Amino acid sequence: MPQLKDIVRVLEQYAPLAYQESYDNAGLQTGNLTDDVTGVLICLDCTEAVLEEAIVKGCNLVVAHHPVIFKGIKSLTGKNYVERTIVKAIQNNIAIYASHTNLDSVHNGVNAKIAEKLELQKVKVLSKKPHTLMQLAFFVPVDDTESVLKAVHEAGAGQIGEYSDCSFQVQGTGRFTPSENADPTIGERGKPEQVQENRIEVVFPAFKQHRIMDALLKVHPYEEVAHYLTILENPNQEVGIGMIGELKDELTEEKFLGYLKAKMKLQGLRYTSVGSKTIKKVAVCGGSGSFLIKDAIRAGADAFVTGDVKYHEFFDAEGQLMIADIGHYESEVYTKEIFYDTISKNFPNFAVYLSEINTNPIRYTY
Ligand SMILES: [Zn+2]
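What you see is a predicted model, and the numbers here were worked out from it, not measured in a lab. All residue numbers here refer to positions counted from 1 along the written sequence of the relevant chain. Note on the predicted model: pLDDT of at least 70 is required for a residue's local features to be given, and 80 or more for side-chain atom pairs to be given and counted; whole-chain, interface and lining totals, by contrast, use all residues. The basis for every side-chain value is the complete set of non-hydrogen atoms in the structure, without hydrogens or water.

Some remarks on the overall build of the chain
Consideration 1: In terms of helices and strands, the chain carries 12 helices and 15 strands.
Consideration 2: Overall size of the chain, expressed as C-alpha extent along the three principal axes, is 85 × 55 × 40 Å.
Consideration 3: Between buried and exposed lies partly exposed: a residue is buried under 20% and exposed over 50% of the maximum accessible area for its type, with that area taken using a 1.4 Å probe on protein chains only. Counting every position in the chain, which comprises 366 residues, the buried fraction comes to 49%.
Consideration 4: In this description, contact between two residues means that some pair of their heavy atoms is separated by no more than 4.5 Å. Partitioning the intrachain contacts of the chain with sequence separation of at least 6 by distance along the chain shows that 73% fall at a separation of at least 24.
Consideration 5: Reported accessibility uses the Shrake-Rupley method at a 1.4 Å probe radius. Residues are deemed covered only where the shown protein chains occlude them. Of the roughly 18,900 Å² of accessible surface on the chain, a fraction of 50% belongs to carbon and sulfur atoms.
Consideration 6: His is not counted, nor are the chain ends; Lys and Arg add positive charge and Asp and Glu add negative charge. Lysine's charge is taken at NZ, arginine's at CZ, aspartate's at CG and glutamate's at CD. Averaging the coordinates of the 37 positive side-chain charges in the chain and doing the same for the 48 negative ones gives two points 5 Å apart. In this description a helix means any DSSP run of H or I spanning at least four residues, a strand means any run of E spanning at least two, and both kinds are numbered starting from the N terminus.

Dropping the structure here:
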């Protein structure tokens, strides 16, 4: 039986918490990391009804997309659904974990799932998150290069797209004079020394900085390790919000609307017309994505599929693209499949369930 920390580790390897937005509160919301997990129930929103379902199914972990604890809580008296949910979870020893804007920001997250449902091709991140990449340059004696490189790669450095163990090195001469208090690996106290060294450069996601530096300092033979850490302006192609891709076939507005309804299983949607313009390039953002309308236009999208678009925001389409508001819940509901696949792949023969409750508070009538 896995412990809560084992499942949390897997979820955070998939969608690192470092990628959540500053206003967010993703991560473990209730529960003890060392508790054994009896089963996992997956949902979009953790509500009291979902907790009831977890109890019936024998699950003591609920994995949700939306964090039930989102704002600061000063008392827990059950005066609203958030507090009642937290109280119920704690009373029943149920852990709640949320993977929210961090899952929106990874290239295989919420938006990749929408792109998959729409069968988009050549899919890319729409708005890349800045300053998520770092570079480390360090100097190491030639003979120690392989062991030190291995350690920093194992800690997560040098993974670029489909390429692993990426590094660059150039050889030169390192010079130093150890002081009387130094404990040099090479050379003697008070005597100038010259060593053939490699300068190594690796790139990595910024949140792995401490892990990589720990690995470097642990295996590097020197007492003082010469190195530079730099935050890169280069965007990480795999980290950011929204995605854009292409439909297999160019569709008329009418055909695209039908396609969207069928693929996302929609009862209806709100949209802006593009008239006789056809649709091939489609941008998507699960949840409330109107802040990306301009990015979608700039990227040349013919349609932008999202939720929670306000009346005045629809005007921002300017006739250049179709804004299709399919609903917040409808755009994100398949996110549950990501949790399901990730957990069941890593913990086979373990009880993982998709919640059968439709937590969408919005109903439609025509
Ligand atoms: Zn959402």
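Some remarks on the UniProt feature "binding site: a divalent metal cation" (unreviewed entry) in the chain
Consideration 1: Cross-referencing UniProt, the feature "binding site: a divalent metal cation" (unreviewed entry) maps to His 65, His 66, Asp 104, His 328 and Glu 332 in the present numbering. The named residues occupy 268 residues along the chain; their greatest pairwise C-alpha distance, 13.1 Å, places them in one compact cluster.
Consideration 2: By the element assignment, His 65 lies in strand β3 (residues 61–66).
Consideration 3: Excluding residues within four positions of it along the chain, His 65 makes contact with Cys 43, Leu 44, Ala 98, Ser 99, His 100, Leu 103, Asp 104, Val 110, Glu 332, Thr 335 and Phe 339.
Consideration 4: Positionally, His 66 belongs in strand β3.
Consideration 5: Aside from chain neighbours lying at most four places away, what touches His 66 is Leu 44, Asp 45, Ala 98, His 100, His 328 and Glu 332.
Consideration 6: There is a polar contact of 3.2 Å between the side chain of His 66 and the side chain of His 328. UniProt positions are given in the numbering used here, feature names are shortened, and annotations may be inferred rather than shown by experiment. By the criterion applied in these results, polar contacts are pairs of N or O atoms within 3.5 Å in which, for protein atoms, one can donate a hydrogen and the other can accept it, and in which residues neighboring in sequence qualify only through two side-chain atoms.

Focus on the nonpolar core
Consideration 1: The set of buried Ala, Val, Leu, Ile, Met, Phe, Trp, Tyr and Cys residues whose side-chain atoms join them within 4.5 Å is what this entry labels a nonpolar core. With 28 residues, the main nonpolar core has Leu 118, Phe 256, Leu 260, Val 282 and Val 305 as its most contacted residues.
Consideration 2: Mapped by element, the contributors of at least two residues to this core are α5 (110–117), β10 (240–251), α8 (253–263), β12 (279–288), β13 (303–307) and β14 (322–325).
Consideration 3: Ignoring sequence-local partners within four residues, the contact set of Val 305 consists of Leu 118, Phe 256, Leu 260, Val 282, Ala 283, Val 284, Cys 285, Ala 324 and Ile 326.
Consideration 4: Among the nonpolar cores identified, the runner-up in size contains 24 residues, and Leu 4, Tyr 19, Phe 339 and Val 352 belong to it.

A few points about helix α2 (residues 48–57)
Consideration 1: Looking at α2, one finds that the buried residues are Val 50, Leu 51, Glu 53 and Ala 54. Seen along its axis, α2 keeps its buried residues to an arc of 155°; they face one direction.
Consideration 2: The secondary structure elements touched by the buried residues of α2 are β2 (40–45), β3, α3 (81–91) and β15 (352–354). Directions are taken from the helix axis to each C-beta atom, and the arc is the one they span.

Structural notes on the coordination of the zinc ion
Consideration 1: Here the coordinating atoms are restricted to nitrogen, oxygen and sulfur within 2.8 Å of the metal centre, or 3.2 Å for Na, K and Ca, and because water is not among them the sites may look incomplete. Those protein atoms acting as donors to the zinc ion are His 66 (NE2), His 328 (NE2), Glu 332 (OE) and Glu 332 (OE), and they sit at 2.1 to 2.6 Å.
Consideration 2: Site shape is set this way: if four donors have all angles between 85 and 135 degrees, tetrahedral; if opposite donors are over 155 degrees apart and all others between 65 and 115, square planar for four donors and octahedral for six; otherwise irregular. Taken together, the four donor atoms coordinating the zinc ion and their angles of 54 to 129° define a geometry best described as irregular.

Observations regarding a nonpolar patch on the surface
Consideration 1: A contiguous nonpolar patch, built from Ile 73, Leu 76 and Ile 90 and spanning about 250 Å² of accessible area, is present on the exposed surface.
Consideration 2: Residue position: Ile 73 is located in the loop between β3 and α3.
Consideration 3: By relative accessible area, which is 34% here, Ile 73 ends up partly exposed. Here, patches come from residues exposed beyond 30% relative accessible area and free of salt bridges, joined within 9 Å for like charges and within 5 Å for nonpolar side chains (Val, Leu, Ile, Met, Phe, Trp, Tyr). Think of a salt bridge as a Lys or Arg side-chain nitrogen and an Asp or Glu carboxyl oxygen that are within 4 Å of each other.

Some thoughts on the domain arrangement of the chain
Consideration 1: On domain assignment, one finds that the chain holds domain 1 (4–102 + 334–354), domain 2 (110–127 + 240–326) and domain 3 (133–231).
Consideration 2: The distance between the C-alpha centroids of domain 1 and domain 2 comes to 29 Å.
Consideration 3: With six residues of domain 1 in contact, the opposing surface of domain 2 contributes six residues.
Consideration 4: By buried area we mean how much accessible surface two parts lose on assembly, using a 1.4 Å probe and totalling the loss over both. The junction of domain 1 with domain 2 conceals about 600 Å² of combined surface from both sides, 61% of it contributed by carbon and sulfur atoms. Domain start and end points were adopted from an automatic or database domain assignment.

Topic: the environment of Pro 184
Consideration 1: Looking at the secondary structure, you find Pro 184 in the loop between β7 (168–176) and β8 (193–205).
Consideration 2: The spatial distance from the C-alpha of Pro 184 to the C-alpha of Pro 221 is 9.2 Å, given a sequence separation of 37 residues.
Consideration 3: Excluding residues that lie within four positions of it along the chain, Pro 184 makes contacts with Pro 178, Arg 189 and Glu 223.

Some points on the pattern of salt bridges
Consideration 1: Here the structure, examined in full by the defined rule, presents 18 salt bridges.
Consideration 2: In this structure, the salt-bridge partner of Glu 154 is Lys 150, at a minimum N-O distance of 3.3 Å. Here Glu 154 and its partner Lys 150 are both found in helix α6 (residues 145–154), four residues apart, which amounts to about one turn of the helix.
Consideration 3: For Lys 150, a relative accessible area of 52% gives the class exposed.
Consideration 4: Connected through salt bridges with shared partners, the residues Lys 113, Glu 116, Lys 117 and Glu 337 form a single ionic network.

Some details on the environment of Val 333
Consideration 1: With respect to the element layout, Val 333 can be found in the loop between α11 (328–332) and α12 (335–346).
Consideration 2: In the structure, Val 333 is positioned 76 residues away from Leu 257 in sequence and 19 Å away in space, judged by C-alpha atoms.

Focus: the packing of α2 against α3
Consideration 1: Fitted lines through C-alpha atoms give the axes, limited to the stretch in contact for helices. The angle between two N-to-C directions lies from 0 to 180 degrees. Interhelical geometry of α2 versus α3 gives an angle of 20° and a closest axis separation of 9 Å. Judged by the angle between their axes, α2 and α3 are roughly parallel. Crossing of α2 against α3: the hand is left-handed. Contacts between α2 and α3 involve Glu 48, Leu 51 and Glu 52 from the former and Arg 84, Thr 85, Lys 88 and Ala 89 from the latter.
Consideration 2: Note that Gly is not counted as nonpolar here; it falls among the polar residues with everything else outside the nonpolar set of Ala, Val, Leu, Ile, Met, Phe, Trp, Tyr, Cys and Pro and the charged set of Asp, Glu, Lys and Arg. Partitioning the contact of α2 with α3 into residue classes produces two nonpolar, one polar and four charged. Here roughly perpendicular refers to angles of 65 to 115 degrees, roughly parallel to angles under 35, roughly antiparallel to angles over 145, and oblique to all remaining angles. Here a crossing is taken to be left-handed if its near helix is turned anticlockwise relative to the far helix by less than a right angle, and right-handed if that turn runs clockwise.

Examining unusual backbone geometry
Consideration 1: Even without a glycine there, the phi angle at Asp 165 is positive, about 55°.
Consideration 2: We classify Asp 165 as exposed; its relative accessible area is 52%.

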